[in-house]
Amino acid sequence: IAGITQAPTSQILAAGRRMTLRCTQDMRHNAMYWYRQDLGLGLRLIHYSNTAGTTGKGEVPDGYSVSRANTDDFPLTLASAVPSQTSVYFCASSSNRAGANVLTFGAGSRLTVL
Amino acid sequence: AQSVSQHNHHVILSEAASLELGCNYSYGGTVNLFWYVQYPGQHLQLLLKYFSGDPLVKGIKGFEAEFIKSKFSFNLRKPSVQWSDTAEYFCAVSGTSYDKVIFGPGTSLSVIP
């Protein structure tokens, strides 16, 4: 079934450690996104990529980095995790053709930083 | 910068009651508007969208939303809610199909049988 695969599903991490959340899509969507979901704050955009080879900063990019080496993969890296990065992280993609900017979401990665 | 506000953080309704969830956005140009829903334990999924044309759009499960440009609003409505509508509802906006999508803080809806 076509969709988005995120890994890991859940992770507990010590503060200061490096962590990469993986995201792969098989729909050949050109745009991909990373959001974090926090109670009372909804989904906030961390980084996005409109096409392979390009990335952009979202609303809350500090402490995170992304890369988009190919169409399918969009990993999110926390270089040195801090407790405030405890959250549920959602990867999403869209074809972003004119009139088609509808997001497909992954199942999420729950990250706890101690 | 784009922003989205949602009027209610948590709404509690009895079954068969009518629902209206408020959404206002801030953006200066042409907008694409969305409502997404997250049922307990499930992925976020699209409920309905507005790109252009008729400002009253209909989505899945009997939901509809009305785009009022003069009020920068895109409120979600359903005439009669069911227990299965219990979920988190998110309003979202993007400037164009090539623009990033920004979400509101969400409204948690609890429907009591």
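In what follows, the structure referred to is the one given above.
First, a word on scope: everything that follows refers to the structure included in this document. (Residues numbered from 1 in each chain as written. Chains lettered and ligands numbered in written order. Predicted model: local features only at pLDDT ≥ 70, side-chain atom pairs only at ≥ 80, totals over all residues. Heavy atoms only, no water.)

Secondary structure assignment for chain A yields zero helices and 11 strands. The helix and strand sequence of chain A, counted from the amino end, reads β-β-β-β-β-β-β-β-β-β-β. Relative to the 2.2 N^0.38 estimate, which gives 13 Å for 114 residues, the radius of gyration of chain A is 13 Å and therefore close to what a compact globule would have. Considering only C-alpha atoms, chain A reaches an extent of 40 × 30 × 30 Å along its principal axes. (Helix = DSSP H or I, 4+ residues; strand = E, 2+ residues; numbered from the N terminus. Rg over C-alpha atoms; globule rule 2.2 N^0.38 Å.)

Next up on the list: the overall build of chain B. Looking only at helices and strands, one finds zero helices and 12 strands in chain B. N-terminal to C-terminal, the α/β element order of chain B is β-β-β-β-β-β-β-β-β-β-β-β. Here the C-alpha atoms of chain B give a radius of gyration of 13 Å, agreeing with the 13 Å that 2.2 N^0.38 yields for 113 residues. Taken over the C-alpha atoms alone, chain B extends approximately 40 × 25 × 20 Å along its principal axes. Within chain B, buried positions represent 49% of all 113 residues. Long-range pairs, those at least 24 residues apart, make up 56% of the contacts in chain B between residues at least 6 apart in sequence. Total accessible area computed for chain B in this model is approximately 5200 Å², and 53% of it derives from carbon and sulfur atoms. With 8 positive and 8 negative side-chain charges, chain B shows a separation of 5 Å between the mean positions of the two kinds. (Buried < 20%, exposed > 50% of the residue type's maximum accessible area, 1.4 Å probe, protein only. Contact = heavy atoms within 4.5 Å. Areas by Shrake-Rupley, 256 points an atom, 1.4 Å probe, with all protein chains shown as cover. Lys, Arg positive; Asp, Glu negative; His and termini not counted. Charge placed at Lys NZ, Arg CZ, Asp CG, Glu CD.)

Residue and element names in this part refer to chain A. Residues of strand β3 (residues 19-25) alternate between two faces, with M19, L21, C23 and Q25 buried on one and T20, R22 and T24 left unburied on the opposite face. One ladder, built from four bridges, connects strand β1 (residues 4-7) with β3; its direction is antiparallel. Counted as the bridge partner of Q6 is C23 from β3. When β3 meets strand β8 (residues 76-78), the two strands line up antiparallel, connected through three bridges. Its bridge partner lying in β8, T20 is registered against T77. (Pairing = 2+ DSSP bridges.)

With that settled, the discussion passes to the environment of N101(A). Residues and elements named next belong to chain A. Relative to the assigned elements, N101 resides in the loop between β9 (87-94) and β10 (104-105). For N101, a relative accessible area of 0% gives the class buried. Among the polar contacts made by the side chain of N101, one reaches the side chain of Y33 at a distance of 3.5 Å. (Polar contact = N/O pair within 3.5 Å; in protein donor to acceptor, adjacent residues only side chain to side chain.)

With that out of the way, let us pick up the interface of chain B and chain A. Much of the literature gives interface size as the accessible area that the parts lose upon coming together. Listed as interface residues are 21 residues of chain B and, on the opposing side, 23 residues of chain A. In total, about 1900 Å² of surface goes out of reach between chain B and chain A, with carbon and sulfur atoms giving 60% of it. At the boundary of chain B with chain A, the tally comes to zero salt bridges. At the junction of chain B and chain A, the tally comes to six residue pairs in polar contact (both at pLDDT 80 or more). Of all the secondary structure elements, the ones that give two or more residues to the side of chain B that touches chain A are β5 (32-38), β6 (44-50), β10 (87-94) and β11 (102-103) of chain B. Partitioning the side of chain B that touches chain A into residue classes produces 11 nonpolar, seven polar and three charged. (Buried area = accessible area lost by both parts, 1.4 Å probe. Salt bridge = Lys/Arg side-chain N within 4 Å of Asp/Glu carboxyl O. Nonpolar A, V, L, I, M, F, W, Y, C, P; charged D, E, K, R; others polar.)

A few words now on the state of the cysteines. All names here are of chain A. Here the structure, examined in full by the defined rule, presents two disulfides over all chains. Note that C23 is cross-linked by a disulfide to C91, the S-S spacing being 1.9 Å. Residues C23 and C91 share a disulfide whose torsion about the S-S bond is about -75 degrees; that sign makes it left-handed. Remark: C91 occurs in strand β9 and C23 occurs in strand β3; sequence separation between them is 68 residues. (Disulfide = S-S within 2.5 Å.)

For the rest of this paragraph, the subject is the sheet that holds β8(A). All names here are of chain A. Read from one edge to the other, the open sheet built from four strands follows the order β1-β3-β8-β7, with strand pairing classed as antiparallel. At either end of the open sheet lies a strand with only one pairing partner, and these are β1 and β7 (64-66). Between one strand and the next, the sheet's axes are offset by a mean angle of 15 degrees, whatever the strand orientation. Across three bridges, β7 lies against β8 in antiparallel orientation. Bridge pairing links Y64 to L78 in β8. (Axes fitted to C-alpha atoms, helices over the stretch in contact; angles between N-to-C directions.)

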